[in-house]
Structure formats: structure tokens, C-alpha cells
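Structure at a glance
Below, each chain spelled out in residue letters.
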Amino acid sequence: MPPLLHRTVCLAFALLFATASAFATSEFAAEDFSIKTPSLFVKGVSHRVELTCHAPEKLVPYGNALSIVVNGARYTAVFEGGTASVPVIFDRKEPLSLKAGKFVHTETVNPMPLWWSVVPPLLVILLALLFREVIGSLLAGIFLGAAVAGYYMSGPWGAVSGFFRAMDGYLVDALFDRGHISVVVFSVVIGGIVALISKNGGMRAVVDAVARRAHTPAGGQKATWLLGIAVFFDDYANTLVVGNTMRSVTDRLRVSREKLAYIVDSTAAPVAATALITTWIGAELGYIEGALGAVNAAGSATVDMSAYAVFLHSLQYAYYPFFALVLILFVVYTGRDYGPMYSAERRARAGRPAGRDAATGADDEAFAPEPGAPLRKFNALIPVGTVVFGTVAGLFITGYDSAVWSDPALGFGKKLSLTVGNSDSYRALLWASISGLIIAVGLTAAQGIMTYRKAVAAATEGFKTMVDAVVILLLAWALAALTEQMHTADYLAGLAGDSVAPWAVPVITFVLSAAVAFSTGSAWGTMAIVYPLMLPLSWELSLASGLPPEAALPLFFNVTSCVLAGAVLGDHCSPISDTTILSSLATGCHHMDHVRTQLPYALTAGAAAAAFIVLSAFGLPWYLGFPAGFALLFAAVRFFGKKVDA
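The following paragraphs examine the structure supplied in this document. (Residues numbered from 1 in each chain as written. Predicted model: local features only at pLDDT ≥ 70, side-chain atom pairs only at ≥ 80, totals over all residues. Heavy atoms only, no water.)

When helices and strands are tallied, the chain shows 26 helices and 9 strands. Of all 646 residues assigned to the chain, the portion counted as buried reaches 54%. Expressed as a percentage of contacts within the chain between residues at least 6 apart in sequence, the contacts between residues at least 24 apart total 77%. (Helix = DSSP H or I, 4+ residues; strand = E, 2+ residues; numbered from the N terminus. Buried < 20%, exposed > 50% of the residue type's maximum accessible area, 1.4 Å probe, protein only. Contact = heavy atoms within 4.5 Å.)

Our next topic: the packing of helix α9 (residues 257-274) against helix α25 (residues 591-617). A pair of packed helices can be characterised by two numbers: the angle between their axes and the separation between those axes. Contact geometry for α9 and α25: axes closest at 9 Å, N-to-C directions at 60 degrees. By the criterion of interaxial angle, the relationship of α9 to α25 is oblique. Remark: the crossing between α9 and α25 carries right-handed chirality. Across the interface between the two elements, Glu258, Ala261, Tyr262, Asp265 and Ser266 from α9 touch Asp593, His594, Thr597, Gln598 and Tyr601 from α25. Counted by class, the contact of α9 with α25 contains 3 nonpolar, 4 polar and 3 charged residues. (Axes fitted to C-alpha atoms, helices over the stretch in contact; angles between N-to-C directions. Parallel < 35°, antiparallel > 145°, perpendicular 65-115°, else oblique. Left-handed = near helix turned anticlockwise from the far one by under 90°. Nonpolar A, V, L, I, M, F, W, Y, C, P; charged D, E, K, R; others polar.)

What follows covers the sheet that holds strand β2 (residues 47-53). Strand order across the open sheet formed by 3 strands is β1-β2-β5, with antiparallel pairing between neighbours. Bordering the open sheet on either side are β1 (33-36) and β5 (83-88), each of which pairs with just one other strand. Across this sheet, the average inter-strand angle for adjacent strands is 25 degrees, counted without regard to direction. Pairing geometry for β2 and β5, over 6 bridges, is antiparallel. (Pairing = 2+ DSSP bridges.)

Moving on to the pattern of salt bridges. The full count for this structure, using the stated rule, is 9 salt bridges. A salt bridge links Lys259 to Asp337; the nearest nitrogen and oxygen atoms lie 3.1 Å apart. Of this pair, Lys259 sits in helix α9 while Asp337 sits in strand β8 (residues 336-337); the two residues are 78 residues apart in sequence, bridging distant segments of the chain. The class of Lys259 is buried, set by a relative accessible area of 1%. Note that Arg596 and Asp593 form a salt bridge whose closest N and O atoms lie 3.4 Å from each other. (Salt bridge = Lys/Arg side-chain N within 4 Å of Asp/Glu carboxyl O.)

Alternating residues of β2 divide into His47, Val49, Leu51 and Cys53, all buried, and Arg48, Glu50 and Thr52, none buried. With 4 bridges joining them, β1 and β2 adopt antiparallel strand pairing. The residue of β2 that forms the bridge with Lys36 is Glu50.

In C-alpha cells, the structure reads:
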């Protein structure tokens, strides 16, 4: 085709398209559309503006696509279900304008500086560490964040109204989340079970049986560690069951509540995060699967394996979870402690296991067995076993898929892992805990230990012991929602940068994940934020640096592991973490005492993990890295620790 004719044809098509677009937009009336914008805009962060068409039949002739104008730039908005979204970014106070047909929307946007997003969580952490009080610290952070967000939403009056929005917005939203309600109910019911099996003499019988085998403080700590490994399928269940069960045992053996809380907390998440069949698996695989989709859509070189295969390969780099578990054993077997834990253990050996203001707030007499109650172990073991095995059964029931179990290409372990990964852990926990409570009431009443009414009253008293923890959990969840709206994670991610050497990406990911988890108090939220950010970044940097795909895979697996490991580390260090709070509650330890005493151990394992993450990025194999790391941790305990007299 001659050049002149070619240009003429192209021009004609362009004019035809422009004319069609103009015709399409002109036939839409103003009332055909409505717009939804984010309540809070943050500087430099991409937000989505949603445009809804109330006359979707008009879109059909144009393939559900419409030309619109946003801030002077023309976009083709593709509508799905009558709604389209377009990205907008603001770096200063300016108008937002959107035109679609005869519909015109304008508003002034005053974006919040991104650095404000870290101020509320940092204030909470600072106040909690300074005053050793959590509820007031959380409230202060939530009120400040709500006031700042309100100011940038609607000016000075918005800052004042932010106080009320903190109460009827963030707090109420946290309460009405299905998962949050499930955790609250589960926690309260566990408190009722513990109170009832204490009153019917079952807990005392178990305590006596364990105490006969655990004659020393070290023996009690080993038993707690083993129980923490055994209840591997869920960190919440692990924390509440093990902490409540072993508290009386370790008190009798003069082990500090701080040490008990440390062992409970530092076994719960590491085991649940790395075991092959846990309630964490579904979330982890979902996040990895989403990141894999972004990786494989971005470039020519793809990661041709399943999310579960990536997870399994990543375990060879999971230094922090395994270091945290092994460090407990070294501390227990050597009898050495350091930091504030040393003072707590010395106090406990002197006969005062519980420090001031124990987390349960309950009178020990309220949990003493009923006068004349028979000390029968099954009165405790059956209800607790119902919770443990009932949760496993519930995971299988809610995650069962006949297509998976009938597939001959899948092994038993893979089928079981997929089943747990697809399960509804919240439903399983609720079924198991309520079943355990019903059985505990039935056993107590059937043996005549207590009347039915007294058994229910005892369980109700147990519910009350969980009030403080429920309040703290709700406030922590409200703060997490606030930090999500303020894009705290985007600020922290921006500190990592994207112009780094591939070998440095794993350790940067580890530190970033720890910082996000520390600031937000959520390991799961951290994974949801960091996985889609760092997995594509690590793959692109590796390929851009000239590494072939087969050489980039180990770094990719390392980064996958570092997201998980960093999330667990930050969760252990954060005073606003839900599992940290639950550990304090279940063990009867003052919350900030638990945070202060656990922190040196978490940082020890974290520093060792960071060192071996870097070495593994340079090719150190796991079968050398783990033994060397264990040796380093043992040396640290011997060097820094002081012997606590038995």
C-alpha cells in the first residue's frame, strides 16, 4: 500500500473511532453514573476511583468500554458488572475531575503525606514500652490516626470528628469482622473451659501428673515446649490451650510467667507457619499464588510450579522460625537466661512466679477445685482433647473436596495439605471449642461434682477472665484497619527501594516484613502486603541482573521464606500483636513484661537468621546453614546467659 494511502486509511480509522467515542459518551445522561472515591487519599500512593453505570444496557453496544476523562487525561474504562475503576495518584492538594458522557464530578483532594502513616503505630509502641500499659496506648494511637485521617478528609472539623469515627468506625468495623468475632468467641469459650476443668478437679489432676514427671523448672519448660510442638495446627489454639494448661504446672515448679509466655508465644507461630498441615497454609498458599500470577504475567521467564511447591522449597531458608524453636531448647537445657528474663526467673525461684498485674486479672481461688471434687485427669483431658482433635476434624470437614481425594496423581500428604489449605479455620475452632465446653459441663454435672447451674456459672466466670484480652484484641484490630487505610505498609516498602543487588533482596524482605508486622501487629496482614510486593520484585531484579531463571529460583525461594519469617519475627516483637496479647493472657503474665522479656530472645534469633539469609543468598546450602546457626545460638546463650539457680 502506498505510504500516502496508508496514512489516509489510518487517519480515517482514527476519526471514525473518535466519532464513535464521542457519540457513545454523548448518549449517556448525568444520572446514568455515580462515583465512589477513597475516603482518604495519600500522597504518592495509587488509589482506585470507581465509576458505576446505572444504565448498563447502554454499554453493551460498545463492548462495555467507555472513553472517560480523568484530570484532563483520557482513559478507556472497562466495566464489569456495571462498575469500572481507574487509578489516580496525587502529590499535592488539587481537584479531582471525572467526566463520562454528561456526568461530571469534581472534588478537591488534600492527600495526606505518607510519613504520617507510621506515626500512630509508633506512638502506640512508644507509649506501651514507656508506661507498660496497652489499652491506653492503643486508644491514643487510634485517636491520633483518626484525627489525622479526618483532617485530610474534611479539614479541621474532620480532625475533631475523627475522635467519634475512631469509636463508631474503626472499632465497630473490627468487631463486625467475621474472623475477629470467631477469635473472640473461641477465646472466651476457652476461658470458660479452663475455669470449669479447674473447678471440677481435672486440671489439678493433670498438673499433678505432669508435676510428678517434671520435678524441676527445666522439666516444666521442656514439657511446655513439647506441648507447643504438639498443638501445631493453629497458633491461636496453641497459645490458649498450652498457656492455660501449663500455667499451674510452671507456677508450682517456680518458673516465671514471663518464661512460660515466651515459650508459648515462640512455639505457636513458628510451628503453625512452617508445619505442612496448619491453618496458616491456606493463607500462605493464597498469597504466594497471587504473587506467582503477577510474576508469570510480567515477563517471558516464568516460575513453572505450584504455590505449594514454592512453599516447600522455601522451607530450606526458613531460618527464623526454626532458630526461635531451637533457641528455647538451648535456654532451657543450659538453665541460662539474659536480659529482663534473668531477673524474672530469679524472682520466680524465690517463690513469686507471677509478677505484678497478671494478665488474667482473676483470683487464683476462683480456679481452685470444688471442695471434695475428685481429681480425675479425664475431666480435663477429654474437653481439651475435644478442642484439639475437634479442630483437626473441623479443618478436614470444611476443607474436604471429593475431586482432590479422588485424584490418583496426588499423594496422601498433598491431599491432606490441600484439604487443610482450603478449610475454614474459624468455623473449625468454633465447633471444637463449643463442643469442648459442652462436654466439660456434661462431665462435671454427670459425676455430681457440681450441679448443672453451678457448672454453667463456673464457665461464665471463666468468660469474664477474657474481657481484658478481648478489649486489647479489638483495639489492635482497629489500629490495623487504620494503618491499612493510611498505607503504612507502602511507606515501609518505600524504604526498601527497588535499586538493590539481587543477593540483598532476601534480607531486605526479612527486615521489611518484620517492620510491617511490628508496626501493624499482624503476621497474616504482613504476608498479604509483602508477598505481592517482593516476590515479583525479586524475580525481576534477578533476571535484570543477568541471572538465568534456574539461578534466580533459589533467590525467589529465599524471598518467599523471608516474608513468612520476617512476619513471625515482627509478630514476636510487637506489643500490639494478637498472638503476643493472647500469650500474655493465657499464661497470666503482665503483657508488657512478656514483651520486654521475650524481645532479647526474638532479636537474637532474628539477628542470626538475618546473617544466614545473606549467606544463603550467596549459595550457602541449608544443610550447612542450619547446623552453623544452631551452634551460633548455643554460643550466644552460653556467652550472654547467666545461670539461674534451680
